[in-house]
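Take a look at the letters that make up each chain.
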Amino acid sequence: TAPEPSIPMTILAGESVLVFRDRMVTVRETFATAPVEAIAEAELLVTDTVNALTESLFAQARELSDWRNTTEPDQSELESALRRYDDYLDRLLAL
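Report follows, based on the coordinates.

**Observations concerning the packing of helix H1 (residues 14-31) against helix H2 (residues 35-63)**
Contact pair H1 / H2: the axes reach a minimum separation of 8 Å and the direction vectors enclose 165°. Here H2 runs roughly antiparallel to H1, going by the angle between their axes. Two packed elements cross with a definite hand, and for H1 against H2 that hand is left-handed. Contacts from Phe20, Arg23, Met24, Val27, Thr30 and Phe31 in H1 reach Pro35, Ala38, Ile39, Glu41, Ala42, Leu44, Leu45, Asp48, Thr49 and Ala52 in H2. Looking at the contact of H1 with H2 residue by residue, the class counts come to eleven nonpolar, two polar and three charged.

Below is the structure:
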């Protein structure tokens, strides 16, 4: 059994989260007068959010590859890289 991740994963910055939440408030407000348009906007909002999450997760994963910057990484660098990948995978699977 893998150990629990020690640091909670932050995927999106607080400002991004607020923008997405504000957009949903607008969707809810629009629903009473234009339900079809509101649902279409909600669909777009979810798609935009999934895209932002994916971009953020990929960016975080790319940060793990710093071990590649060393021509010949030693055993301790490789072990450290493996721990980082293992931790990141655990945090991804806990989402």
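**Looking at the pattern of salt bridges**
Any two side chains of opposite charge can pair if their charged atoms end up close together. Counted according to the given criterion, the structure contains four salt bridges. The closest approach of N and O atoms between Arg23 and Asp48, which form a salt bridge, is 2.9 Å. In this pair, Arg23 is assigned in helix H1 and Asp48 in helix H2, connecting sequence segments 25 residues apart. The class for Arg23 is partly exposed, based on a relative accessible area of 23%. For Asp48, a relative accessible area of 26% corresponds to the partly exposed category. What you see here is one network of salt bridges that share partners, running through Arg23, Glu41 and Asp48.

**What about the side chain of Ser56?**
Within the element layout of this structure, Ser56 appears in helix H2. Every residue in contact with Ser56, bar those within four places of it in the chain, is listed here: Ile11 and Leu12.

**Structural notes on H2**
Residues spaced three or four apart along an α-helix point in a common direction, a consequence of the helix completing one turn every 3.6 residues. End to end, H2 covers 42 Å across 29 residues, agreeing with the expected 42 Å (1.5 Å per residue, within 8%). All buried positions along H2 are accounted for by Ala38, Ala42, Leu45, Thr49, Ala52, Ser56, Leu57 and Gln60. Residues of H2 that are buried make contact with H1 and helix H3 (75-93).

**Things to note about the environment of Leu44**
Of note, Leu44 is situated in helix H2. Look at Leu44 and you get partly exposed, because its relative accessible area is 43%. Placed eleven residues apart in sequence, Leu44 and Glu55 show a C-alpha to C-alpha distance of 16 Å.

Cut-offs and rules
Residues numbered from 1 in each chain as written. Predicted model: local features only at pLDDT ≥ 70, side-chain atom pairs only at ≥ 80, totals over all residues. Heavy atoms only, no water. Axes fitted to C-alpha atoms, helices over the stretch in contact; angles between N-to-C directions. Helix = DSSP H or I, 4+ residues; strand = E, 2+ residues; numbered from the N terminus. Parallel < 35°, antiparallel > 145°, perpendicular 65-115°, else oblique. Left-handed = near helix turned anticlockwise from the far one by under 90°. Contact = heavy atoms within 4.5 Å. Nonpolar A, V, L, I, M, F, W, Y, C, P; charged D, E, K, R; others polar. Salt bridge = Lys/Arg side-chain N within 4 Å of Asp/Glu carboxyl O. Buried < 20%, exposed > 50% of the residue type's maximum accessible area, 1.4 Å probe, protein only. Expected span 1.5 Å × (residues − 1).

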